Amino acid sequence: MKLSFREILLEDLQAAVDHDPAARSRLEVALGYAGVHALWGYRAAHVLWQMPGMKLPARLLSQLVRFGTGVEIHPGAVLGRRFFIDHGMGVVIGETARVGDDCVIFHGTTLGGTSMRRGKRHPTLGDGVVIGAGAKVLGPVWIGNGARVGANAVVITDVPPGAAAVGVPARLKLPTVERPFDPAVDDPAIYI
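Keep in mind that this is a model prediction, so the values were computed, not measured.

Q: Looking at this structure, how should I read the overall build of the chain?
A: Per the secondary structure count, the chain includes five helices and 15 strands. The globule rule puts the C-alpha radius of gyration for 192 residues at 16 Å, and the 16 Å found for the chain is close to it. Scored against the burial criterion, the 192 residues of the chain give a buried share of 44%. For the chain, long-range pairs separated by at least 24 residues make up 33% of all intrachain contacts whose partners lie at least 6 apart in sequence. Of the side chains in the chain, 20 bear a positive and 17 a negative charge, and the two mean positions are spaced by 9 Å.

In structure tokens form, the structure reads like this:
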């Protein structure tokens with residue numbers, strides 16, 4: 001089922017309410033959350049980006065949104081549904097980045113490139129990925145479904161589904177099936 005543009009924006013709003021325990025109402029989020037404003041601006045710019053002859057207006061809109069929110073999302077990036085950018089300031093998402101559904105990223109995150117060549121040069125995030133504050137995910141790497149990237153980590157290699165990547169350079173902590181969930185190790189909030 002294809003959602004209308006309005007329904008997608010409402011999903012973005014609800015994702016922020018669902019993921020932020022400090023959110024008291026949808027109205028508060030709609031009026032005061034820069035990450036939501038940046039995402040809404042991106043969604044409009046992305047529609048323009050796909051229209052013939054509208055790449056320049058799309059880029060200008062994205063830069064206006066960057067000026068107002070401190071979040072820079074290239075209109076050519078492909079962002080999934082129910083994406084939440086918490087706090088927002090300093091987030092950069094490059095042109096060839098792809099972000100799956102139900103992902104959360106925090107302030108200071110970069111989904112950046114490592115090459116000046118044309119083509120795929122930014123990360124791809126699967127569904128349900130959490131990226132901690134200040135993390136840098138660089139190059140055409142793949143971050144698997146349900147993976148977590150710790151705060152200030154620098155990721156330059158693929159991260160398997162369900163794994164955590166922490167440190168500089170990032171080291172992988174692979175999930176194990178032998179042990180039960182341990183909040184002291186498995187809770188993504190400790191990596192943020």
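Q: Is there a simple way to think about unusual backbone geometry in this case?
A: Negative phi is the rule for most residues except glycine; trans is the rule for most peptide bonds. In this structure, P169 follows V168 across a cis peptide bond, with omega equal to -15 degrees. Tracing the chain through its elements places P169 in the loop between strand 14 (164–166) and strand 15 (171–173). Unusually for a residue other than glycine, H87 sits at a positive phi of about 70 degrees. Summarising the element assignment, H87 is placed in the loop between strand 3 (84–86) and strand 4 (92–93). Under the relative-accessibility criterion, H87 is labelled exposed at 55%. Within the chain, N152 stands out as a residue other than glycine whose phi angle is a positive 65 degrees. Residue position: N152 is located in the loop between strand 12 (148–149) and strand 13 (154–155). Accessibility expressed as a relative area gives 52% for N152, which makes it exposed.

Q: In this structure, what is going on with the nonpolar core? I would like to understand it.
A: Counting 31 residues, the largest nonpolar core has L79, F83, I93, I143 and V149 as its most contacted members. Per element, the largest residue contribution to this core is three residues, and it comes from helix 3 (residues 34–49). In this structure I143 touches T124, L125, G126, V129, V137, V149, V155 and V159, once residues within four positions along its chain are discounted.

Q: Explain helix 3 to me, please; I cannot follow it from the model alone.
A: Think of an α-helix as 3.6 residues a turn; residues three or four steps apart then line up on the same face. Helix length check: helix 3, at 16 residues, gives a terminal C-alpha distance of 22 Å against a target of 22 Å (1.5 Å per residue), a fit within 8%. Of all the positions in helix 3, only G35, V36, A38, L39, G41, Y42, R43, A45, H46 and W49 are classed as buried.

Q: I'm lost on the sheet that holds strand 10 (residues 136–138) in this one. Help?
A: Strands in a sheet are paired, the pairing made by backbone hydrogen bonds, and the direction either parallel or antiparallel. In spatial order, the strands read 1-4-7-10-13; together these five strands make up an open sheet with parallel pairing. Edge positions in the sheet fall to strand 1 (72–73) and strand 13, since each of these pairs with one other strand and no more.

Q: Quick question: what am I supposed to make of the packing of aromatic side chains here?
A: The geometry of an aromatic ring pair is captured by two quantities: the separation of the ring centres and the angle between the planes. Inspection of every chain in the model, using the stated rule, returns zero aromatic pairs. Over the ring of W49 we find K55, and its NZ or CZ is 4.4 Å from the ring centre.

Q: Looking at this structure, how should I read the side chain of T110?
A: When you line up the elements, T110 lands in strand 7 (residues 110–112). With relative accessibility at 17%, the residue T110 sits in the buried group. Setting aside residues up to four positions removed in sequence, T110 forms contacts with V92, A135, K136, V137 and L138.

Q: It is not clear to me how the environment of V65 should be interpreted in this structure. Could you clarify?
A: Structurally, the position occupied by V65 is in helix 4 (residues 55–69). C-alpha of V65 to C-alpha of L39: the two residues are 26 residues apart in sequence and 9.1 Å apart in space.

Conventions we followed
- Along each chain, numbering runs from 1 in the same order as the chain's sequence is written.
- In view of the model being predicted, local features appear only for residues whose pLDDT reaches at least 70, and side-chain atom pairs are presented and counted only at 80 or more, with totals across whole chains, interfaces and linings using the full set of residues.
- Hydrogen atoms and water are omitted, and side-chain values are computed over all heavy atoms in the structure.
- Secondary structure elements follow DSSP: runs of H or I of four or more residues count as helices, runs of E of two or more count as strands, with numbering from the N terminus.
- Based on C-alpha atoms, the radius of gyration is set beside the globule rule, defined as 2.2 Å times the residue count to the power 0.38.
- The rule is simple: take the accessible area with a 1.4 Å probe, protein chains only, and divide by the maximum for that residue type; under 20% is buried, over 50% is exposed, in between is partly exposed.
- Throughout, a residue-residue contact means that at least one pair of heavy atoms, one from each residue, lies within 4.5 Å.
- A positive count includes Lys and Arg, and a negative count includes Asp and Glu. His and the chain ends are not counted in either.
- By convention, the point assigned to a charge is CZ for Arg, NZ for Lys, CD for Glu and CG for Asp.
- Working definition of a nonpolar core: buried Ala, Val, Leu, Ile, Met, Phe, Trp, Tyr and Cys residues. They are joined through side-chain atoms within 4.5 Å.
- For a helix, the expected span equals 1.5 Å multiplied by the residue count minus one.
- Two strands pair under a simple rule: DSSP has to find at least two bridges between them.
- Working definition: a ring pair exists when centres of Phe, Tyr or Trp rings (six-membered ring for Trp) sit within 6.5 Å. Plane angles under 30 degrees give stacked, over 60 give edge-to-face, the rest tilted.
- A ring is considered to have a charge above it if a Lys NZ or an Arg CZ atom is located within 6 Å of its centre and within 35 degrees of its normal.

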